[in-house]
Amino acid sequence: MGDTTGQLAELVSTVADKHRDERGPLLPILHDIQHLLGYIAPEIVGLVAAELNLSRADVHGVVSFYKDFRAEPVGRVCVQVCRAEACRSVGSETLAGELEQWLGTKTGQTTPDGRVTLDQVFCVGNCALGPSALINGQVYGRLDRDRVAEIVLAEDE
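The rules we used
- Residues numbered from 1 in each chain as written.
- Predicted model: local features only at pLDDT ≥ 70, side-chain atom pairs only at ≥ 80, totals over all residues.
- Heavy atoms only, no water.
- Salt bridge = Lys/Arg side-chain N within 4 Å of Asp/Glu carboxyl O.
- Helix = DSSP H or I, 4+ residues; strand = E, 2+ residues; numbered from the N terminus.
- Buried < 20%, exposed > 50% of the residue type's maximum accessible area, 1.4 Å probe, protein only.
- Arc of directions from axis to C-beta.
- Polar contact = N/O pair within 3.5 Å; in protein donor to acceptor, adjacent residues only side chain to side chain.
- Pairing = 2+ DSSP bridges.

Enquirer: Hey, could you go over the pattern of salt bridges for me, with residue numbers and the actual values?
Expert: Inspection of every chain in the model, using the stated rule, returns 12 salt bridges. Salt-bridge contacts for aspartate 119 lead to arginine 70; the nearest nitrogen and oxygen are separated by 2.6 Å. Separated by 49 residues along the polypeptide, aspartate 119 in strand β3 (residues 116-121) and arginine 70 in the loop between α4 (56-65) and β1 (77-82) bring together distant segments of the chain. Each member of the pair, aspartate 119 as well as arginine 70, carries the same accessibility label: buried.

Here is the structure:
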């Protein structure tokens, strides 16, 4: 793990150097790291804290507070079902339940094989075409379980 820790420390240092002169660099640094790695690994928290002369608790607090930061990798396909009122009124709750059953996982979790992460968002701005979801960052509307399955299988190829 020493080599991996060294590589992570180098990555964090490089990203921190890019943002060091900014006012409040913690969020941009964390966003860049998550973009590069896909998540904020627990060992990253201490490295970022050391780079910015913050406590681990300060950095962990930010990572755990903001829903967009993940402490573990997401699946190859990330499905985020809209659970806001407009989509709820046209079946997003039913859709979420059907997807949990189909995938064999709960909302907020990744399938055991690492293929699909099922999550939720609260409005994707596609209210007239609900139920909607973000699938790997792309907005889709008028979804049902079969349409989501079709998109997920195409994304996972």
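Enquirer: Any details on helix α7 (residues 145-155)? Residues and values, ideally.
Expert: Looking at α7, one finds that the buried residues are Val148, Ala149, Ile151 and Val152. On an axial view of α7, the arc spanned by its buried residues comes to 165 degrees, and they lie on one face. Two or three places before aspartate 146, at the opening of α7, aspartate 144 has a side-chain oxygen 3.2 Å from that residue's backbone nitrogen.

Enquirer: So what about the pairing of β3? Which residues, and what values?
Expert: The element β3 is extensively covered by neighbouring structure, given that 5 of its 6 residues are classed as buried. Two strands pair when backbone bridges link them, and β1 and β3 are joined in this way by 6 bridges, in the parallel orientation. Note that in β3 the partner of cysteine 78 across the bridge is threonine 117. Note that strand β2 (residues 109-110) and β3 share 2 bridges and pair antiparallel. Bridging from a neighbouring strand, threonine 110 pairs with threonine 117 of β3.

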